[in-house]
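Residues per chain, in single letters:
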Amino acid sequence: MADFETVFVENREFIFRYLLKLCRSDTLAEELTQETFFRAYINFAGIRDKERCSSWLCRTARNCYYAWYNRQKGLASLDDTDASVPGPEEHIERKLLAESAADALLDLGEPYAEVFRLAALAEVPLKEISSMYGKSESWARVTYYRARQMLTERIGEK
């Protein structure tokens, strides 16, 4: 029956190289190797075949790496979301802008309002819009462009 020290000496280089391939960082691979063998030490009594525990060590090393990766991903996403969360002033500004855009769209005459709704809001391709109206694709493009211009002017006035 192998003791933990023997398992450690026989597998530490193998586990380190395995983790190095996963993370591509010497310092991180060393840290994760330590974590792997720490977990192995804690659970060593529960291992049935201590002579052939290298596959168990690989799974443990992989789990350590994924746990580290998920923690890093979670930290990065928290940092990203903190910057993008609007404050109360921004929220009010956006709401007022949306209201003025909706009002301006209601005031827009036809076919401009409908072409804008189809192209911008419903994401209908301009080619399909032109066939709906029985006009050319360039007509749909120009109408959409003019609708955007009129909306920009009307929103800017408010």
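Nothing here was measured: the structure is a model prediction, and the numbers come from that model. As a convention, each chain's residues are numbered from 1 in the sequence order in which they are written. Only residues with pLDDT of 70 or above have their local features reported here, since the model is predicted, and side-chain atom pairs are shown and tallied only from 80 upward, although totals for entire chains, interfaces and linings are computed over all residues. Note: side-chain values were computed over all heavy atoms of the structure, leaving out hydrogens and water.

S.K.: Which residues make up the packing of aromatic side chains, and what values do they have?
M.R.: The description of an aromatic ring pair uses the distance of the two centres, along with the angle that the planes make with each other. Pairing of aromatic side chains here covers Phe, Tyr and the six-membered ring of Trp, requires ring centres within 6.5 Å, and sorts the geometry by plane angle: under 30 degrees stacked, over 60 edge-to-face, intermediate tilted. In this structure the tally under the stated criterion is eight aromatic pairs. Aromatic pair Phe-4 and Phe-37: ring centres 6.5 Å apart, planes at 75°, arrangement edge-to-face. Of this pair, Phe-4 sits in helix α1 (residues 4-23) while Phe-37 sits in helix α2 (residues 26-42), placing them 33 residues apart in sequence. Like Phe-37, Phe-4 is buried. Each member of the aromatic cluster is reached from another via a ring pair, and the members are Phe-4, Phe-8, Phe-37 and Tyr-41. The secondary structure listing takes helices from DSSP runs of H or I that are at least 4 residues long and strands from runs of E that are at least 2 residues long, numbered from the N terminus. With a 1.4 Å probe rolled over the protein chains alone, any residue whose accessible area is under 20% of its type maximum counts as buried; one over 50% counts as exposed, and the rest are partly exposed.

S.K.: A description of the packing of helix α5 (residues 112-121) against helix α6 (residues 126-133) should follow, citing residues and the corresponding values.
M.R.: The interhelical angle for the contact between α5 and α6, taken along N-to-C directions, is 145°, at an axis separation of 10 Å. Crossing angle aside, the handedness with which α5 passes α6 is right-handed. In contact with Glu-114, Val-115, Leu-118 and Ala-119 of α5, α6 contributes Leu-126, Ile-129, Met-132 and Tyr-133. In the contact of α5 with α6, the residues fall into seven nonpolar, no polar and one charged. Angles shown run from 0 to 180 degrees and are taken between the N-to-C directions of axes, each axis being a line fitted to C-alpha atoms and, for helices, limited to the stretch in contact. Whether a crossing is left-handed or right-handed is set by the direction in which the near helix is turned from the far one by less than a right angle, anticlockwise for left-handed and clockwise for right-handed. A contact between two residues is defined here by any heavy atoms of the two lying within 4.5 Å. Throughout, the ten residues Ala, Val, Leu, Ile, Met, Phe, Trp, Tyr, Cys and Pro are labelled nonpolar, Asp, Glu, Lys and Arg are labelled charged, and all others, Gly among them, are labelled polar.

S.K.: Describe a nonpolar patch on the surface, and please don't skip the residues or the numbers.
M.R.: Together, Phe-38, Tyr-41 and Ile-42 line one region of the surface with nonpolar side chains, adding up to about 360 Å² of accessible area. With respect to the helices, strands and loops of the structure, Phe-38 is situated in helix α2. Using a relative accessible area of 48% as the deciding quantity, one classes Phe-38 as partly exposed. Candidate patch residues must exceed 30% relative accessible area and have no salt bridge, after which like charges are joined if within 9 Å and Val, Leu, Ile, Met, Phe, Trp or Tyr side chains if within 5 Å. Working definition of accessibility: Shrake-Rupley area with a 1.4 Å probe, residue cover restricted to the visible protein chains. Just to be clear on terms, a salt bridge is a Lys or Arg side-chain nitrogen sitting within 4 Å of an Asp or Glu carboxyl oxygen.

S.K.: Tell me about the packing of α1 against α2, residues and numbers included.
M.R.: Remark: α1 packs on α2, axes separated minimally by 8 Å, with the N-to-C direction vectors making an angle of 140°. Judged on the interaxial angle alone, α2 and α1 are oblique. Where α1 crosses over α2, the handedness of that crossing is right-handed. When α1 is examined against α2, the residues Phe-4, Val-7, Phe-8, Asn-11, Arg-12, Ile-15, Phe-16, Leu-19, Leu-20 and Cys-23 are found in contact with a partner set consisting of Asp-26, Leu-28, Ala-29, Glu-30, Leu-32, Thr-33, Thr-36, Phe-37, Ala-40 and Tyr-41. Taken together, the residues of the contact of α1 with α2 sort by class into 14 nonpolar, three polar and three charged. By definition in this entry, angles of less than 35 degrees are roughly parallel, angles greater than 145 are roughly antiparallel, angles of 65 to 115 are roughly perpendicular, and the rest are oblique.

S.K.: Describe α5, with residues and values.
M.R.: Taken together, the buried positions of α5 are Ala-113, Val-115, Phe-116, Leu-118 and Ala-119. Positive phi shows up at Glu-123, right after α5, with a value of about 55°.

S.K.: How would you sum up the pattern of salt bridges? Please name residues and give values.
M.R.: Enumeration over the complete set of coordinates arrives at five salt bridges. A salt bridge links Arg-117 to Glu-110; the shortest N-O distance between them is 4.0 Å. Take Arg-117: its relative accessible area is 28%, and that puts it in the partly exposed class. A residue is classified by how much of its surface remains accessible, and Glu-110, at 54% relative accessible area, is exposed. Linked through salt bridges whose partners overlap, the residues forming this network are Glu-110, Glu-114 and Arg-117.

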